[in-house]
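Read off the chains here:
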Amino acid sequence: MSKEIEIRGVKDMPPMAVSLGLMTVNKTGSWRNMRPVLIAEKCTACSICWKFCPDMCINIEGDLPVFDYDYCKGCGVCAHECPTGAIVMEEEMR
Amino acid sequence: MKKVVTGNHAVSFASKIARAQVVAAYPITPQTQVVERISKFVADGEMDAIFIKVESEHSALAAAIGASAAGARAFTATSSQGLALMHEMMHWCSYARCPVVIANINRALGPPWSIWTEQNDSLAQRDTGWIQYYCESNQDVLDSIIQAFKVSERVLVPSMVVLDSFFLSHTSEPVDFPDQDKVDEFLPPYKGEWVIDPDNPHTFGGLTGPDKYYELHYMLQQAHKDAEQVMDEVHKEYEKLFGRKYGRIEPFMADDAEVLLVVSGTPASTAKQAVIDARDEGFALGSVKIRVFRPFPRELVKEVCRGKKAVAVVDRNYSFGNQGIFFTEVRDAIYDLEPRVPVYSYITGLGGRDITAEDLVNIGKAAEKKECDNPTWWGVKL
């Protein structure tokens, strides 16, 4: 597991903008305002959402999609593409 | 070995002698011969480099940046409209600290279409974070490119080597070609510390917040500061190996001069003739060439101007709504000299109009008599 690298000033920095560690600490899912939620009864396990997700944030576990909320930005492409309306976008409550 | 070559071919040969590994370029008058000759070197197997044909200058610099980021010695050449199209990538290159070297042939921007020399194309890139050299002769061109690679790779700041359209690009002059062995000694292969490596992946240039962006720019400025000392060392080493002396500024009969011309590019060589002519008439004129414009040699300019009766800055460029660009830089550098040195701005030679030795003597005389409108558009037809 990667941890946050503390940078206090130029002495800790390389001369150009280059990541010093893995970017896994940077959970970009925190940008999300709307979250996709699955209505499992409506899902036909077609995997169209998995194909269309632009951020590779949908994993198929068993037959059904599971959202990776650590990185999902809430764009809603999956909900838009779902032919049976099995994905709804709900307001992110934090 | 001496060869008679044009400024353009001096550029091509310099990139070959410097062992550039990737050249990505798009042809544009007056730079076309540079690219033609490099592509021939590569096609004939004389130059161990990858030559990338691209669809625009923006792509040319983007490809050079990619090569440099991967640890290759990268080179490109352009002019005028082409350099303007590179502008976005100019920032990227310096902020990414890629030590790319560009040769830019100074050409006036359109409209109206012009292919003749003027410095506004390169000076419009002043604040992109690049080192800039302005060349006086084809020898200067060849030597500056070889030196620029060394300086750039030491401080991780890209360099632009600038030469005048036609006055250098298409004019043949005898140029001394340094031995390859000696150049290899002077300029060993580039080994970047922060380069793209699939076995050690990093994100380059990723989104960076205000908490770190500011410090990155501070480091680029520090690198420019370091470049001054590195250049002085490089000039000494170059002189030792190749016998040719260079400076960030190059004064000519300046010590005992009462009036000083400040010049850049080919007018620097005309100014030497003007100084000789003026001395024959008993007029104590001297000149100083600004060879390195970025980092601006503030302290050197200040010292050479100290005690002068008048300083006349000759600009083949213009910052519309203000003044000649070298003028504002020079006046800023010498502002706090005591006693104050009067400095005058003369605009000359835009769009490739001739700047003669007679013009320069008369500009010196005008400055001595304080005849200047700051700026004076020398010889403008009203």
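Reading the values: rules and limits
Residues numbered from 1 in each chain as written. Chains lettered and ligands numbered in written order. Predicted model: local features only at pLDDT ≥ 70, side-chain atom pairs only at ≥ 80, totals over all residues. Heavy atoms only, no water. UniProt positions renumbered as here; feature names shortened; annotations may be inferred. Helix = DSSP H or I, 4+ residues; strand = E, 2+ residues; numbered from the N terminus. Rg over C-alpha atoms; globule rule 2.2 N^0.38 Å. Buried < 20%, exposed > 50% of the residue type's maximum accessible area, 1.4 Å probe, protein only. Contact = heavy atoms within 4.5 Å. Areas by Shrake-Rupley, 256 points an atom, 1.4 Å probe, with all protein chains shown as cover. Lys, Arg positive; Asp, Glu negative; His and termini not counted. Charge placed at Lys NZ, Arg CZ, Asp CG, Glu CD. Pairing = 2+ DSSP bridges. Axes fitted to C-alpha atoms, helices over the stretch in contact; angles between N-to-C directions. Buried area = accessible area lost by both parts, 1.4 Å probe. Polar contact = N/O pair within 3.5 Å; in protein donor to acceptor, adjacent residues only side chain to side chain. Nonpolar A, V, L, I, M, F, W, Y, C, P; charged D, E, K, R; others polar. Expected span 1.5 Å × (residues − 1). Right-handed = clockwise from strand over helix to strand, strands pointing away. Left-handed = near helix turned anticlockwise from the far one by under 90°.

As recorded by an unreviewed UniProt entry, chain A carries the name 2-ketoisovalerate ferredoxin oxidoreductase and is attributed to Candidatus Coatesbacteria bacterium 4484_99. Under Cofactor (unreviewed entry), UniProt gives the following word-for-word description of chain A: "[4Fe-4S] cluster".

Within chain B, the secondary structure is distributed over twelve helices and 15 strands. Computed over its C-alpha atoms, the radius of gyration of chain B comes to 20 Å, within 12% of the 21 Å expected for a compact globule of 382 residues. When its C-alpha atoms are laid out on the principal axes, chain B stretches across 65 × 50 × 45 Å. For chain B, the proportion of its 382 residues judged to be buried stands at 57%. For chain B, the share of sequence-separated contacts (at least 6 apart) that also reach a separation of at least 24 residues comes to 81%.

Okay, the overall build of chain A next. Within chain A one finds two helices and four strands. Reading chain A from its N end, one meets helices and strands in the order β-α-β-β-α-β. The C-alpha radius of gyration computed for chain A amounts to 17 Å, which surpasses the reference 12 Å derived for 94 residues by more than 25%, pointing to a less compact arrangement than a globule. Across the 94 residues in chain A, those meeting the buried criterion constitute 30%. Approximately 6300 Å² of chain A is accessible, and the part contributed by carbon and sulfur atoms is 56%. Seen as two clouds, the 10 positive and the 13 negative side-chain charges of chain A have centres 6 Å apart.

Residues and elements named next belong to chain B. With mixed pairing, seven strands are arranged side by side in an open sheet as E3-E2-E4-E5-E7-E6-E12. The open sheet has two edge strands with one neighbour each: strand E3 (50-53) and strand E12 (292-294). The average undirected angle you get between the axes of adjacent strands in this sheet is 20°. Bridge count for strand E2 (residues 22-25) against strand E4 (residues 74-79) is two bridges, and the pairing is parallel. When the bridges of E4 are listed, valine 23 appears paired with phenylalanine 75. Across the face of the sheet, helix H4 (residues 80-95) comes into contact with E4, strand E5 (101-106) and strand E7 (159-164) while running at roughly 135° to E4. Its contacts with the sheet place helix H8 (residues 210-242) against strand E6 (131-134) and E12, and it is angled at close to 40° to E6.

Counting residues at the interface gives 16 residues for chain B and eleven residues for chain A. Summed over both sides, the interface between chain B and chain A buries roughly 1300 Å², with carbon and sulfur atoms accounting for 75% of that surface. Summed over the shared surface of chain B and chain A, the number is four residue pairs in polar contact (both at pLDDT 80 or more). Broken down by element, the side of chain B that touches chain A gets its largest block of residues, five residues, from H8 of chain B. Looking at the side of chain B that touches chain A residue by residue, the classes come out as eight nonpolar, five polar and three charged.

Attention now goes to helix H12 (residues 357-368) of chain B. Residue and element names in this part refer to chain B. Between its first and last C-alpha, H12 extends 17 Å over twelve residues, near the 16 Å set by a 1.5 Å rise per residue. When we look at burial in H12, the residues that qualify are Ala357, Leu360, Val361, Ile363, Gly364, Ala366 and Ala367. Packing partners of the buried residues in H12 comprise strand E10 (259-263), helix H9 (267-280), strand E11 (285-290), strand E13 (310-315) and strand E14 (343-347). Remark: lysine 370 follows H12 within two positions and exhibits a positive phi of approximately 60°.

Time to look at the pairing of E6 of chain B. Residue and element names in this part refer to chain B. Because side chains alternate across E6, one face comprises the buried residues Ile131 and Tyr133, and the other comprises Gln132 and Tyr134, equally buried. Examined bridge by bridge, E6 and E7 share four bridges and lie parallel to one another. Bridge pairing in E7 links tyrosine 133 to valine 161. Handedness of the crossover joining E6 and E7 through helix H6 (residues 138-155): right-handed. Pairing of E6 with E12 involves two bridges; the strand directions are antiparallel.

Let us look at the environment of isoleucine 115 of chain B. Residue and element names in this part refer to chain B. Among the secondary structure elements, isoleucine 115 is positioned in the loop between E5 and helix H5 (120-123). For the pair isoleucine 115 and proline 30, spaced 85 residues apart in the sequence, the C-alpha separation amounts to 6.8 Å. In contact with isoleucine 115, other than residues within four places in its own chain, are Thr29, Pro30, Arg107, Ser165 and Phe166.

Attention now goes to the environment of glycine 243 of chain B. Residues and elements named next belong to chain B. Relative to the assigned elements, glycine 243 resides in the loop between H8 and strand E9 (249-252). Under the relative-accessibility criterion, glycine 243 is labelled exposed at 58%. Note: C-alpha distance between glycine 243 and proline 178 (65 residues apart in sequence) is 10.0 Å.

Two measures define how a pair of helices packs: the angle their axes make with one another and the distance between the axes. Residues and elements named next belong to chain B. For the pair helix H1 (residues 7-17) and helix H2 (residues 32-43), interaxial distance at closest approach is 8 Å and the crossing angle is 35°. Read as a crossing pair, H1 and H2 show a hand that is right-handed. Together, Asn8, His9, Val11, Ser12, Phe13, Ser15 and Lys16 of H1 and Gln33, Val34, Arg37, Ile38 and Phe41 of H2 make up the contact between the two elements. Taken together, the residues that form the contact of H1 with H2 break down as five nonpolar, five polar and two charged.

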